[in-house]
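# Results of the structural survey
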Amino acid sequence: MEMSGIQDPRQRADIAAVMEEVSGFTTLLSRSHIARLEVEAALDQMFATGSPHIADIELLGHGIGHAMGKRGGLHVRSGSVDVTDKTRAAWPEGPAAFDLMLENANAHLERSVLRGPTDAEVPDLKANGWDPTVARRIAENRAEAERQQAERLDNDPRYWNRLRDVVRARYMSIEIIEMLVQALVDRGRDLDEVATSRESIRAFADSMPSADVHTTLVEAAHRNRQKSWSPNDIFDIDALSIAVPYCDVVVTERYASHVLHAAHLPRGMKTEVVPRLKDLTEWLDHQ
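The paragraphs below set out a description of the structure included in this document. Treat the numbers as computed from the prediction; the structure is a model and nothing was measured. (Residues numbered from 1 in each chain as written. Predicted model: local features only at pLDDT ≥ 70, side-chain atom pairs only at ≥ 80, totals over all residues. Heavy atoms only, no water.)

## A closer look at the overall build of the protein chain
The secondary structure content of the protein chain amounts to 14 helices and six strands. Reported as C-alpha extents along the three principal axes, the dimensions of the protein chain are approximately 75 × 50 × 45 Å. Among the 287 residues that make up the protein chain, the fraction classed as buried is 36%. Expressed as a percentage of contacts within the protein chain between residues at least 6 apart in sequence, the contacts between residues at least 24 apart total 67%. Put simply, the protein chain shows about 17400 Å² of open surface, and 54% of that area lies on carbon and sulfur atoms. In the protein chain, the 34 positive side-chain charges and the 46 negative ones have mean positions that sit 4 Å from each other. (Helix = DSSP H or I, 4+ residues; strand = E, 2+ residues; numbered from the N terminus. Buried < 20%, exposed > 50% of the residue type's maximum accessible area, 1.4 Å probe, protein only. Contact = heavy atoms within 4.5 Å. Areas by Shrake-Rupley, 256 points an atom, 1.4 Å probe, with all protein chains shown as cover. Lys, Arg positive; Asp, Glu negative; His and termini not counted. Charge placed at Lys NZ, Arg CZ, Asp CG, Glu CD.)

## Description of the pattern of salt bridges
All told, the structure shown has 28 salt bridges when counted by the stated rule. In this structure, Asp-99 engages Arg-88 in a salt bridge whose closest nitrogen and oxygen atoms are separated by 2.7 Å. Taken together, the residues span a long stretch of sequence, with Asp-99 in helix H5 (residues 95-115) and Arg-88 in helix H4 (residues 84-90) at a distance of eleven residues. The partly exposed category is assigned to Asp-99, whose relative accessible area is 32%. What makes Arg-88 partly exposed here is its relative accessible area of 32%. Here Arg-164 ties to Asp-206 by a salt bridge, and the two come within 3.3 Å at their closest N and O atoms. Within this pair, whereas Arg-164 is found in helix H8 (residues 163-187), its partner Asp-206 is found in helix H9 (residues 198-206), the two being separated by 42 residues in sequence. (Salt bridge = Lys/Arg side-chain N within 4 Å of Asp/Glu carboxyl O.)

## Details of the side chain of Thr-216
One can find Thr-216 in helix H10 (residues 209-223). Residue classification places Thr-216 among the buried positions, given a relative accessible area of 7%.

## Describing helix H1 (residues 9-23)
In this model, H1 (15 residues) spans 20 Å end to end at C-alpha, consistent with the 21 Å of a helix rising 1.5 Å per residue. Listed in full, the buried residues belonging to H1 are Pro-9, Arg-12 and Ala-16. In an axial view of H1, the angular spread of the buried residues amounts to 55 degrees, which keeps them on one side of the axis. Turned more than 90 degrees away from the buried face of H1, the exposed residues are Arg-10, Glu-21 and Val-22. In the core, the buried residues of H1 are packed alongside H5. (Expected span 1.5 Å × (residues − 1). Arc of directions from axis to C-beta.)

Next comes the structure, spelled out in structure tokens:
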């Protein structure tokens, strides 16, 4: 999302090259898919049940497909039929040459998605319906919702002593409730069995790591009465809410690092959260 705000194709390409070298196109599942898995896991813990399909879903995978919760990689199709194996067997230069061709094509796809289009590619993409502003417009709408929430809090100060409850409840009602209700229906359970008390709702929400990080960062932002919400704040909070629970090390800006450490989340989640690239290199040297 941050890359979409960079106008210079050369700069995007340079950053993409570094990201490829560091990550090898390894990606996390999307925030919404992780939230769904966390809901399932929280219900399993609450009801002492099991969701066998959860074990089949890898948090880490390869490329944009995995990050979007889809099967990644290029395949050869004839109509709706996957003929990749058949094509590979009949490839004139042999299966090994086919594998190399497909590997190079996949790498080119990942690089293209990561760096974004060149100036020469933009007109054709836009003619086919591409709109590079969608993600930022959605983030702006979410930032405006937070501005409105801040105004409501200013106008009703009685909620300041329960700010975390307010943030948590809003997150659950917007981000989680639909997937929670569906997961309960799948188990033949009712929402009343989860929301037995104020304490039970708090415990359930905080048992989901990404929800805990998200709530902590949003709460801290609202405690700063001078805060002016921007789309980049939304991007940062979304990214940190899945990176902190599920990565070994996270580099973020100093304020977010302070907020997370003050809440003891990195220690509890066994994640190294640092504010400087220098800290990252020192951490890597000790691994």
